[in-house]
Amino acid sequence: MLRHRLFVTLSILMLAAMVLAACPAPVAPPAAAPLAEGEATWWRTAAESAGCVGVTLRGVSESTPPSNFAKDVLAPAFERDTGIKVELETTSWDQMYDKAIKDMEAGTGIYDFVYIEQDIIYAYLANNYLLNMTQFLADNPNLAAPDFDFGKFTTFIDYFKDAEGNVYGVPMEAFVKIYLYRTDLFGDPEAQAAFKEKYGYDLAPATNYEQYRDNAEFFTQWGKDRGLELWGTTVQAASGHPSSFYELFETILPSGGVYNWGINMENWKASVENGGTMNSDRAKAAFQFWLDMLQFAPPEATSSTWDEVAASFAAGRAAQGWVYGENAAWIASDPERSRVVGNIGVALPPLADESVLQDAEEGRGYIGYYDGGAFGIPVSSKHQACAVLWNQYIGQESVQADWAVAGSRVVMDSTFDDPKVQAMDEQTNGYFTLLKEKGYLFAGAPPFPFHATIREVIAPFVYRAIAGELSAADALDQAAAAVDAELPKLGYGE
Amino acid sequence: MRSNRLGWLLLSPSLIVLFIVGFLPFLYVIWVGFHDWNIFAATRGMSWAGANNYRRLVFDQDFLAALWRTLVFTFTVVTSELVLGFVLAQTLTRQFPGRAFFRTIYVLPLVVAPIAVGATWRLMVIPGFGPIPYFLERWFGIQYRIGTYAEHAWATAVLMDIWHWTPFVTLTLLAGLSAIPREPLEQAMVDGANRWQVFRYITIPMMMPVILTVVFIRIMDALRVVDEVYMLTNGGPGTATTLIGLHIFRVVFPKTDYGYGSAMSLLVLYVTIVMCWLLFVALANVGKQKA
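Residues numbered from 1 in each chain as written. Chains lettered and ligands numbered in written order. Predicted model: local features only at pLDDT ≥ 70, side-chain atom pairs only at ≥ 80, totals over all residues. Heavy atoms only, no water.

**Student:** Just to check I follow, could you spell out the packing of aromatic side chains for this structure?
**Tutor:** Aromatic rings considered in pairs are described by the distance between their centres and by the relative angle of their planes. What the rule picks out here adds up to 63 aromatic pairs over all chains. Ring centres of Phe218 of chain A and Phe219 of chain A lie 5.1 Å apart, and the angle between their planes is 75°; on these two criteria the pair is classed as edge-to-face. Take Phe218 of chain A: its relative accessible area is 5%, and that puts it in the buried class. A ring pair is formed by Trp306 of chain A and Tyr324 of chain A, whose centres lie 6.0 Å apart and whose planes are at 80°; its orientation type is edge-to-face. Note that Trp306 of chain A is positioned in helix α12 (residues 306-314) and Tyr324 of chain A in strand β5 (residues 320-324), a separation of 18 residues in sequence. Looking at Trp306 of chain A, the relative accessible area reads 11%, which means it is buried. The residue whose ring lies beneath Arg317 of chain A is Phe129 of chain B, and the NZ or CZ to ring-centre distance is 5.9 Å. In this arrangement the basic side chain of Arg56 of chain B is found over the ring face of Tyr260 of chain B, its NZ or CZ atom lying 3.7 Å from the centre. (Phe/Tyr/Trp six-rings, centres within 6.5 Å; stacked < 30°, edge-to-face > 60°. Buried < 20%, exposed > 50% of the residue type's maximum accessible area, 1.4 Å probe, protein only. Helix = DSSP H or I, 4+ residues; strand = E, 2+ residues; numbered from the N terminus. Lys NZ or Arg CZ within 6 Å of the ring centre and 35° of its normal.)

**Student:** What am I meant to see in the nonpolar core here?
**Tutor:** Soluble globular proteins tend to pack their nonpolar side chains together in the buried interior. With 193 residues, the main nonpolar core has Ile263 and Trp290 of chain A as its most contacted residues. Among the domains, domain 1 (37-174 + 371-430) and domain 2 (177-368 + 445-489) of chain A are the pair contributing at least three residues each to this core. With near-sequence residues (within four places) excluded, Trp290 of chain A lies in contact with Val235, Gln236, Ala237, Ser244, Glu247, Leu248, Ile252, Trp322, Val462 and Ile466 of chain A. If you look at the next biggest cluster of nonpolar residues, it comprises 41 residues, including Ile162, Val169, Leu223 and Leu243 of chain B. (Core = buried A, V, L, I, M, F, W, Y, C linked by side-chain atoms within 4.5 Å. Domains from an automatic or database assignment. Contact = heavy atoms within 4.5 Å.)

**Student:** Whenever I open this one, the domain arrangement of chain A confuses me. Can you help?
**Tutor:** How big an interface is tends to be reported as the loss of accessible area on association of its parts. Residues and elements named next belong to chain A. Segmenting chain A into domains produces domain 1 (37-174 + 371-430) and domain 2 (177-368 + 445-489). Distance between the C-alpha centres of domain 1 and domain 2: 30 Å. Opposite the 22 residues of domain 1 that make contact, domain 2 presents 26 residues. For the pair domain 1 and domain 2, the two sides together bury roughly 1800 Å², of which 57% comes from carbon and sulfur. Of all residues in domain 1, Trp93, Asp119 and Tyr122 bury the most surface against domain 2, accounting for 29% of the area lost on that side. For the pair domain 1 and domain 2, the interface holds 0 salt bridges. Counting every contact that joins domain 1 to domain 2 gives 6 residue pairs in polar contact (both at pLDDT 80 or more). Among the elements of the structure, α3 (65-82), α4 (93-106), α5 (121-126), α16 (400-407) and α17 (419-427) are those that each provide at least two residues to the side of domain 1 that touches domain 2. In terms of residues, the side of domain 1 that touches domain 2 owes the most to one element, α5, which gives 3 residues. Split by residue class, the side of domain 1 that touches domain 2 holds 9 nonpolar, 8 polar and 5 charged. (Buried area = accessible area lost by both parts, 1.4 Å probe. Salt bridge = Lys/Arg side-chain N within 4 Å of Asp/Glu carboxyl O. Polar contact = N/O pair within 3.5 Å; in protein donor to acceptor, adjacent residues only side chain to side chain. Nonpolar A, V, L, I, M, F, W, Y, C, P; charged D, E, K, R; others polar.)

**Student:** Looking at this structure, how should I read the state of the cysteines?
**Tutor:** A disulfide bridge is the covalent bond that connects two cysteines by way of their sulfur atoms. Residue and element names in this part refer to chain A. Counted by the stated rule, this structure contains 1 disulfide over all chains. Shown here is the disulfide that connects Cys52 with Cys386, its sulfur atoms set 2.1 Å apart. Its S-S torsion of approximately -90° makes the covalent link between Cys52 and Cys386 left-handed. Taken together, the positions of Cys52 in the loop between α2 (37-49) and β1 (56-62) and Cys386 in helix α15 (residues 384-394) put the pair 334 residues apart, joining distant regions of the chain. (Disulfide = S-S within 2.5 Å.)

**Student:** Sorry, what's going on with the side chain of Ser67 of chain A here?
**Tutor:** Residues and elements named next belong to chain A. As for its position among the elements, Ser67 is in helix α3. Ser67 gets classed as buried once you look at its relative accessible area, which sits at 0%. Within the structure, Ser67 has its side chain in polar contact with the side chain of Ser61 (distance 2.7 Å). What Ser67 contacts, discounting residues up to four positions off in sequence, is Ser61, Glu62, Leu88, Thr90 and Met172.

**Student:** Would you mind going over the confidence of the model for chain A with me for this structure?
**Tutor:** This prediction gives chain A a mean pLDDT of 92; 92% of its residues lie at or above 70. In the model, residues 20-29 of chain A has pLDDT below 50 throughout and makes 2 contacts with residues more than four positions away in sequence or in other chains. (pLDDT = per-residue confidence, 0-100.)

**Student:** So what exactly am I meant to see when it comes to the pattern of salt bridges here?
**Tutor:** A side chain of one charge can pair with a side chain of the opposite charge if their charged atoms are brought near each other. Residues and elements named next belong to chain A. Applying the stated criterion to the full structure yields 32 salt bridges over all chains. Note that Arg182 and Asp184 form a salt bridge whose closest N and O atoms lie 2.9 Å from each other. On the basis of relative accessible area, Arg182 is assigned to the buried category, the value being 9%. The residue Arg364 makes a salt bridge to Asp359 at a minimum N-O spacing of 2.9 Å. For Asp359, a relative accessible area of 14% translates into the label buried.

This is the structure:
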């Protein structure tokens with residue numbers, strides 16, 4: 001009996017040891033620099049005057065490098081300076097929306113601030129979910145922080161304004177979806193010679209679809225011939241997850257000259273026969289190009305969301321790809337997470353033809369996705385004044401540079417000039433320069449209040465095309481017809 | 001006559017809680033199911049739709065396909081779990097070296113939340129990162145791709161569910177087996193019955209109430225699986241693993257089509273009740289015939 005008990009106890013201890021061993025040791029996040037004495041006094045006084053000292057603010061955001069910086073660095077600093085505790089829940093993208101929308105729709109007031117991605121703001125504004133920060137600060141001038149000014153932000157803040165120019169969210173991240181490539185592979189003389197021999201022109205980062213395809217094919221074969229775990233491109237093609245919809249509709253179709261998801265915003269129709277472009281020849285060609293890239297992508301591509309794409313690239317499994325800019329900094333600089341440190345280059349995404357760039361230059365279109373988000377305050381929040389203080393705290397100029405280095409995001413023009421950001425710009429081979437100088441060529445999602453609903457109408461057709469159940473052309477034809485049928489039900493295009 | 005007042009008094013806290021968190025939301029779902037309601041529509045609020053949502057369901061190919069897929073999934077996993085669970089429960093009634101250790105390890109999946117089960121399996125089977133595709137390709141040359149091949153995703157979802165829930169079936173059946181009196185078994189052996197006959201004519205009939213309970217619980221669970229499959233495949237590739245729970249989740253939450261989603265939920269609840277009732281009647285009749 002004693003032997004039996006000993007055996008059971010040892011088994012349990014062994015299992016516990018295995019579980020504990022699997023848990024990484026906690027790494028202390030870097031602390032935010034302390035504020036000057038006068039500033040610190042202002043924050044404390046403001047928190048006291050608003051009755052916020054001792055209050056706990058609850059927020060929800062997507063688990064991304066910028067959000068994790070807010071949670072690990074800015075929240076403790078804010079508590080230190082104000083006495084207001086911040087509990088920021090960073091979770092998956094879909095859970096974040098699920099929780100935030102339920103809370104705001106029901107008006108339960110669980111969250112005092114929520115992440116508002118640029119593409120969902122129009123739906124939130126239409127539903128009056130958010131606090132008008134401009135109005136609130138005008139009504140409460142004693143709570144307006146000295147180092148906070150809406151005018152310091154880049155034009156990205158315009159996405160979070162209503163028609164009258166009132167601001168409903170403080171931008172906390174903004175970045176573009178870039179074309180990332182491996183400088184070591186593209187710069188390899190042996191690869192360059194082999195490429196030129198096979199394709200008849202110089203190996204270089206792609207500027208158009210044909211070149212991208214050649215690069216992808218070449219490096220896939222290059223990896224195979226050398227027994228390397230290397231493929232020609234990443235593809236964010238998780239069949240079943242909205243990330244594949246987003247790569248197609250916000251990155252690939254615009255680069256093929258199809259904007260605003262192919263929905264005609266004058267009559268709210270998507271199909272060509274009704275004035276839309278969702279199933280136009282250009283859209284079908286761009287979709288087909290993207291689907292063709294799956295043959296040159298790592299095997300995880302059809303299970304890859306935005307996270308796995310970044311992980312694949314960081315693991316050195318792809319020679320080039322479309323990667324969200326928020327990942328550029330850590331892929332380029334963090335040797336603990338990336339195997340391609342010092343070997344990445346950034347460029348504008350490849351385009352179907354030159355007319356797309358011309359459209360973007362002249363304001364008729366855009367070449368890719370300008371992503372980002374803000375922290376907004378639900379009108380149902382029980383601690384609005386305290387949340388306004390938090391939003392201003394994260395919107396100070398002084399916290400922006402470290403945040404940019406940690407999360408490759410820039411929301412203020414002045415951040416580009418910070419020495420820390422310029423050092424990171426060198427490591428990323430010019431990511432921040434590209435963001436600063438070419439950011440205007442990119443655009444956020446179209447202003448659709450029905451964004452999520454219509455995405456869910458279209459996405460199943462994309463999934464089925466990835467799975468090979470539908471051709472690109474059939475998928476877009478059926479998607480366009482489904483959108484034309486759904487929008488009138490929502491009260492658009494009747 | 002004895003007063004029931006104390007009994008009702010003691011039950012009342014539970015009944016009140018059940019009424020608030022169970023019955024009222026149920027009534028609300030019925031109410032919403034008769035409305036059109038999408039919070040991102042141009043017109044806010046609910047509008048009366050009568051039986052339109054239910055009429056739509058009958059012609060909704062995606063819904064019907066998801067429902068059929070779920071029925072197949074449920075039949076596959078519940079049958080497998082019952083057979084495996086019975087074999088393991090029988091095995092565990094005997095003494096063998098390492099029995100206690102095995103029993104401890106074996107029930108561990110039960111304490112893991114479904115969402116964590118899905119995440120763990122995803123990490124194990126995702127191509128490029130997971131060990132299972134790596135070793136399958138290296139040792140057997142099998143390209144295991146749950147994001148590409150529907151049959152791989154389906155098999156993985158089924159295996160995951162069996163791995164997660166067979167311990168529950170085993171434990172319940174083991175409790176049932178332990179409660180069977182030894183006398184009828186011994187009498188049958190004395191009368192010359194072999195092991196199979198004892199199992200077929202003594203053990204199975206005596207275990208029938210336990211088997212029924214386990215099957216009902218597992219059917220109800222399997223019909224509403226969402227989180228495990230959501231984490232593992234997100235319903236893909238294509239719609240290969242979009243079970244009805246996941247389909248409803250997508251309609252209700254990301255698509256915010258609350259009215260139609262509520263109608264779907266109610267129909268699935270109805271199907272579940274009917275299935276369980278039919279199964280109960282069928283098994284009860286079998287039991288009566290035996291008697």
